Amino acid sequence: MNKQKNVMGMIKRMSLILGCLLFCFGSLVYKVSSASGAPAAKQDYMEWGDKYCTDKPVRGGYFRIASPYYIGAMNPNHFPVMDWVTMSYMYEKLIVLDGNYKPTIPWLAESWEYINETTVIMKLRKNVLFHDGSPFNAKSLKYQMEWILDDENAAWTKSWLEPLKEVELVDEYSVKWHFKRPWGAFLGTMASVPGFMISAQALEKDAAQKKSERITHELIPLRRKARAEKDNDKVEQLQKKITNLEEQLKKFQALAQNAKPLDTNPIGTGPYMLEAASTDNYITLKRNPDWWFGKSIGKPEMPYFEGIKVAVIPDPSVRLANLKAGELDSIVLNPVQYRQVKDDASLSVVTFPVNFLVYNIFNHAKGPCADIKVRMAISHAIDREALVMGTQQGLGRVASCMYPDDHWAHNPNLKPVEYNPELSKKLLAEAGYSNGLTLKGFTVNTPEAQAFAKAQMAMLEKVGITWKPTFLSITGMIEPFKKLDFDLFCSMYPWIQEPDQIATLLYDPKSPFNNGRSNNSKAIELIKTGRETTKEDDRRKVYLELEKTLADHFEDVWLFWPTAVLASSKKVKGFNLEMYKNLGESYSFSHPLWFADGRP
Amino acid sequence: MKRYILKRLLYSLLTLWLTSMLIFAIARILPGDPVQGVVMASHMGAVDNNVIEGIRAQFGLNQPLTVQYLIWVKNFISGDWGVSIASGEKVFDMFMKRLPITFELFVCSVLWSMLIGFPCGIISAVKHGDFIDRLLSAGAVLGLSLPVFWEGIILIYLFSVMLHILPPSGFVPFSDSIKGNLLSIAMPTFIMGTQGAGLIARYVRSSLLEVLGQDFIRTAYAKGYSEIEVLLRHALKPALLPVATVAGLTWGYVTAGSFIVEYMFAIPGLGRMGVNAIFSNDFPVIQATLIIVAINILAVNLLVDLQYGYLDPRIRVQS
């Protein structure tokens, strides 16, 4: 099961990296000031006038974008989801993040309040329908949370809900959340994947179908055993069990009648719903005429596009060629392609920081990197600015720790580790490697990851460290991770939102994603405190301290936070870069784009 | 002739059997538990031992390796090719969806390579030593040696970005739009066929040159036949015999090319399915893809061998 979790984690992470722009096309609503609980009275309503966009929105047209991967599973809690951009058109979260990645913006949840440290009361938005016509309400939310927590449903998000004890129904549109212990990360969790609301009706049918399959599998050996068994008593016992299972099977088969698997038939509340899908080729979404948000603010013409077509184009240069040829309307580029488009008069090209982290993981459990002096030597040997210039065309910010510099949990007092090859050599000698050091390692076999690794190989070589990483597929990494057969591994963590998630995943010894087996007792204590602290100011102090602790121990090599490059046809209107930079996904979820000519 | 056909058929089956064992062994050597794969693919979650045992029994994974192999072969023949770990789809269904796309590309590419390769080879041989021979020979070498990926990028920028004549990528099914379909496969077909065309042109040229230097050709000229008559009535048939083998090789080139071309042009065919499966270690799909590629190559080689026997009486006599 660990292997499965590892694969899930790696694929999820890498798919998130490549999916990137969840935040670019979407929506918000009201802004409140406190992440710790109750929304503030003042709601910072979004700008809809000329300050936002001088062009007037026009309805019509199919928005054509591209993704390197086919979407994969279309239930966000299932694995693997390869394209979160498309996912976010179909599903909406309870809460969305503001410009500092704080979960402060009510979306499907209208308001919430911490009654005490282990109880939150949440009011839900009324008049919201799922794509199958069923209502979004307290019952559907409760069912979904229980569905995630049920092992049988294989939701990879289950561990994120571990502190949840119960969801209590208060009335049709209110729930009371009960936690096992104080849970500071609750709102952040509801602003991430478990918070994507799915039709309970569809989940129930899907679960019944899965249960039917499981029982069918279970019956095979039992029937075989019953046939082979000679002892009458045992045969009777087995027969009883078989009859019981057969009855259950009938029940679930009846429930699952006409069920369409959620993994291929998504049912959310989002502005678009599935129209057609062709594996590895494209996915087409059509406008949801019942989308609640536009109606709730007096703009029923939202969303403006008639639909969205996501073409699957694996090669980045072919994606760019499609954009230039007018076959696509918008794409996310690799930073190395920036120069090719920045002066193109037919395109609008914008760059903005993203909440991803490129970093190296040390093997803390065995080998030379268990020694802090070696970790320091490696860290000082890497010229992060040169890395950003060389591999990202200068688009990126040198990292000082894990949380991005615009994240509320980031410690602004930390400085990136200084590039100092002389100090690095000295530290290596002190650690007993004056004649040089050879490190094992690997990285994922994408061109980007290979570029990061190769640039670092040359830097490390200068101080006498030979690191020759092998380039492996995501699944190929399972074995070396399991056997701890590496010293240094180059990776990327996308979508840093709720600070507890990345901290727990990377530095909690119990996490299946703590591939470097980091075991820093002070950091572990701080992570636990951060998770259980519900007051925002206190939580922030904990995370500043956590970053300082990790930096002081050279726990990993944090390299840089990337910058995204978005190129769009000039016909695409409605994207206000400044608002996006200030308001993050809260802006993008509430401000759908449109075509200047309302293309049919 | 019957004996010859039987012998070829047996050789092909033997090769297929050995290949299938190799593919089976490779799939078992790959790290990872296939049952975990099935559980992951079907999102069945935390399952107890009974369920795991059920799945093992269903796939015959609780049996000795030889029995497992036989079950796999039996399942494969009956159309049960397993479930994709990456997408959860049935591999056979995935295959059937993609087969028409790749088949269309294959046929068009091979036709294209023959359409270009044969005339170029013949002209080159007839005009041996002339400027046109050098030009065509250089073209054939270029066609053979140009990296498919580079060729693709150049063509996309030329025909799609600059001239706006062809779509840069994607596939339009024939049933949706005939024009759209032909436009969408134009560049992939050209690229996949170019390598084969270069190969055919070079073989036709050298084979024809060899035949044109033989005594019976001189005799034909002495009889007063024109150059065209000599070429068409006497030289071409014997010269094309070895080229039949090359046609088989071309099929192999096209197969290999489809992996890159389909990936690059975002065509949802079998080649791309194979590439994705390799990237994600999706072993049921890798297994099926490899065995299909093997059957494909073996079938074409068998046809070439049979055709060879039909065309060349010496082969029939020897066999």
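Residues numbered from 1 in each chain as written. Chains lettered and ligands numbered in written order. Predicted model: local features only at pLDDT ≥ 70, side-chain atom pairs only at ≥ 80, totals over all residues. Heavy atoms only, no water.

A word on the overall build of chain A
So, point 1. Scanning chain A from N- to C-terminus turns up 19 helices and 22 strands.
So, point 2. For a compact globule of 600 residues, the expected C-alpha radius of gyration is about 25 Å, and chain A comes in at 25 Å, within 12% of that figure.
So, point 3. With the C-alpha coordinates aligned to their principal axes, the bounding extent of chain A is approximately 80 × 70 × 50 Å.
So, point 4. The buried share of chain A, taken over its 600 residues, is 61%.
So, point 5. Long-range pairs, those at least 24 residues apart, make up 74% of the contacts in chain A with a sequence separation of at least 6.
So, point 6. Carbon and sulfur atoms make up 50% of the accessible area of chain A, which amounts to about 22700 Å² in all.
So, point 7. Looking at chain A, you have 75 positive and 70 negative side-chain charges, and the mean spots of the two groups are 2 Å apart. (Helix = DSSP H or I, 4+ residues; strand = E, 2+ residues; numbered from the N terminus. Rg over C-alpha atoms; globule rule 2.2 N^0.38 Å. Buried < 20%, exposed > 50% of the residue type's maximum accessible area, 1.4 Å probe, protein only. Contact = heavy atoms within 4.5 Å. Areas by Shrake-Rupley, 256 points an atom, 1.4 Å probe, with all protein chains shown as cover. Lys, Arg positive; Asp, Glu negative; His and termini not counted. Charge placed at Lys NZ, Arg CZ, Asp CG, Glu CD.)

Focus: the overall build of chain B
So, point 1. Regarding its fold elements, chain B presents 13 helices and zero strands.
So, point 2. Counting only contacts in chain B whose residues sit at least 6 apart along the sequence, the fraction spanning at least 24 positions is 71%.
So, point 3. As presented, chain B carries roughly 15900 Å² of accessible surface, and 70% of it is formed by carbon and sulfur atoms.

Points about the sheet that holds strand 4 (residues 109–116) of chain A
One key point about sheets: their strands pair by backbone hydrogen bonds, in either a parallel or an antiparallel sense.
All names here are of chain A.
So, point 1. The strand order 4-5-7-6 describes an open sheet built from four strands, whose pairing is antiparallel. The outermost strands of the open sheet, each flanked by one partner alone, are strand 4 and strand 6 (164–171). On average, adjacent strands in this sheet sit at an angle of 20° to one another, irrespective of strand direction.
So, point 2. Sheet contacts for helix 3 (residues 138–149): strand 5 (119–124), strand 6 and strand 7 (174–179); angle to strand 6, the most-contacted strand, approximately 165°. (Pairing = 2+ DSSP bridges. Axes fitted to C-alpha atoms, helices over the stretch in contact; angles between N-to-C directions.)

Thoughts on the pattern of salt bridges
Note that side chains of opposite charge can pair when their charged atoms are close.
Residues and elements named next belong to chain A.
So, point 1. All told, the structure shown has 28 salt bridges over all chains when counted by the stated rule.
So, point 2. The closest approach of N and O atoms between Lys93 and Glu585, which form a salt bridge, is 2.9 Å. You can see Lys93 sitting in the loop between helix 2 (84–90) and strand 2 (95–96) and its partner Glu585 sitting in helix 19 (residues 585–588), a full 492 residues away along the chain. Each member of the pair Lys93 and Glu585 is classed as buried.
So, point 3. Linking Glu430 and Lys426 is a salt bridge whose minimum nitrogen-to-oxygen distance equals 3.7 Å. Within this pair, Glu430 and its partner Lys426 are both found in helix 12 (residues 421–430), separated by four residues, close to a single helical turn.
So, point 4. Overall, the relative accessible area of 43% leaves Glu430 in the partly exposed class.
So, point 5. Sharing partners across several salt bridges, the network here consists of Glu152, Lys211 and Arg214. (Salt bridge = Lys/Arg side-chain N within 4 Å of Asp/Glu carboxyl O.)

Section: the nonpolar core
So, point 1. Core analysis: the biggest nonpolar cluster contains 154 residues, and Leu94(A), Trp177(A), Ile378(A) and Met402(A) have the highest contact counts within it.
So, point 2. The element that contributes the greatest number of residues to this core is strand 20 (residues 556–569) of chain A, accounting for seven residues.
So, point 3. When residues no more than four places from it in sequence are discounted, the contact partners of Ile378(A) are Phe362(A), Cys369(A), Leu439(A), Leu460(A), Ile465(A), Leu488(A) and Val557(A).
So, point 4. Counting residues in each nonpolar core, the second largest holds 38 residues, with Ala66(A), Leu320(A), Ile331(A) and Ile185(B) among its members. (Core = buried A, V, L, I, M, F, W, Y, C linked by side-chain atoms within 4.5 Å.)

Things to note about a nonpolar patch on the surface
So, point 1. Together, Tyr11(B), Leu14(B), Trp17(B), Leu18(B) and Met21(B) give the surface a local cluster of nonpolar side chains, amounting to about 490 Å² of exposed area.
So, point 2. Topologically, Met21(B) is positioned in helix 1 (residues 2–29). (Patch = residues over 30% accessible without salt bridge, like charges linked within 9 Å, V, L, I, M, F, W, Y side chains within 5 Å.)

Considering the packing of helix 9 (residues 215–222) of chain B against helix 10 (residues 227–264) of chain B
Residues and elements named next belong to chain B.
So, point 1. At a closest axis distance of 10 Å, the pairing of helix 9 and helix 10 adopts a crossing angle of 155°. With respect to helix 10, the axis of helix 9 lies roughly antiparallel. The chirality of how helix 9 crosses helix 10 is right-handed. Note on element contacts: helix 10 touches helix 9 through Glu227, Val230, His234, Ala235 and Pro238, opposite Phe216, Ile217, Ala220 and Tyr221.
So, point 2. Class assignment of the residues belonging to the contact of helix 9 with helix 10 gives a composition of seven nonpolar, one polar and one charged. (Parallel < 35°, antiparallel > 145°, perpendicular 65-115°, else oblique. Left-handed = near helix turned anticlockwise from the far one by under 90°. Nonpolar A, V, L, I, M, F, W, Y, C, P; charged D, E, K, R; others polar.)

A look at the pairing of strand 6 of chain A
So, point 1. Bridge analysis of strand 6 of chain A against strand 7 of chain A gives six bridges, and the strand direction is antiparallel. Residue pairing across strands places Asp171(A) opposite Ser174(A), the latter belonging to strand 7 of chain A.

A word on the confidence of the model for chain A
So, point 1. Averaged over every residue, the pLDDT of chain A is 88; the share at 70 or more is 91%.
So, point 2. Contacts of residues 1–43 of chain A to residues separated by more than four positions or lying in other chains number 160 contacts, the stretch itself having pLDDT below 50. (pLDDT = per-residue confidence, 0-100.)

Observations regarding the domain arrangement of chain A
So, point 1. When the domains of chain A are assigned, the result is domain 1 (202–255) and domain 2 (357–562).
So, point 2. On a C-alpha basis, the centres of domain 1 of chain A and domain 2 of chain A stand 49 Å from each other. (Domains from an automatic or database assignment.)

Some thoughts on unusual backbone geometry
Leaving glycine out, the prevailing phi sign among residues is negative, and the prevailing peptide bond configuration is trans.
Residues and elements named next belong to chain A.
So, point 1. With omega at -10°, the peptide bond leading from Met302 into Pro303 counts as cis.
So, point 2. Position of Pro303 relative to the elements: it lies in the loop between helix 7 (292–296) and strand 10 (307–312).
So, point 3. Even without a glycine there, the phi angle at Asn127 is positive, about 60°.
So, point 4. Tracing the sequence through the fold places Asn127 in the loop between strand 5 and helix 3.

Considering the environment of Leu328(A)
Residue and element names in this part refer to chain A.
So, point 1. By secondary structure assignment, the location of Leu328 is in the loop between helix 8 (316–324) and strand 11 (330–333).
So, point 2. Leu328 gets classed as buried once you look at its relative accessible area, which sits at 4%.
So, point 3. The spacing of Leu328 and Lys309 is 19 residues in sequence and 9.2 Å in space, taken between C-alpha atoms.
So, point 4. Excluding its chain neighbours within four sequence positions, the residues that come into contact with Leu328 are Arg64, Ile65, Ala66, Ile313, Arg319, Asn322 and Leu323.

Comments concerning the packing of aromatic side chains
All names here are of chain A.
So, point 1. Summed over all chains, the structure comprises 45 aromatic pairs over all chains.
So, point 2. An angle of 5° between the planes, with centres 4.6 Å apart, marks the rings of Phe63 and Phe305 as stacked. Taken as a pair, Phe63 in strand 1 (residues 62–67) and Phe305 in the loop between helix 7 and strand 10 lie far apart in primary sequence, 242 residues in all. (Phe/Tyr/Trp six-rings, centres within 6.5 Å; stacked < 30°, edge-to-face > 60°.)

Digging into the pairing of strand 19 (residues 488–493) of chain A
Each regular strand carries side chains that alternate between the two faces of the sheet.
Residues and elements named next belong to chain A.
So, point 1. Among the six residues that make up strand 19, six are buried, leaving the element largely enclosed by the rest of the structure.
So, point 2. Of the two faces of strand 19, the one lined by Leu488, Cys490 and Met492 and the one lined by Phe489, Ser491 and Tyr493 are each fully buried.
So, point 3. Pairing between strand 13 (residues 357–362) and strand 19: six bridges, direction antiparallel. The partner of Val358 across the bridge, within strand 19, is Met492.
So, point 4. One ladder, built from three bridges, connects strand 16 (residues 441–444) with strand 19; its direction is parallel.

Comments concerning the packing of helix 8 (residues 178–212) of chain B against helix 10 of chain B
Residue and element names in this part refer to chain B.
So, point 1. Running from N to C, helix 8 and helix 10 point in directions that differ by 155°, and their axes come no closer than 7 Å. When the axes of helix 8 and helix 10 are compared, the pair comes out roughly antiparallel. Of the two elements, helix 8 crosses helix 10, and the hand of that crossing is right-handed.
So, point 2. Class assignment of the residues belonging to the contact of helix 8 with helix 10 gives a composition of 23 nonpolar, six polar and no charged.

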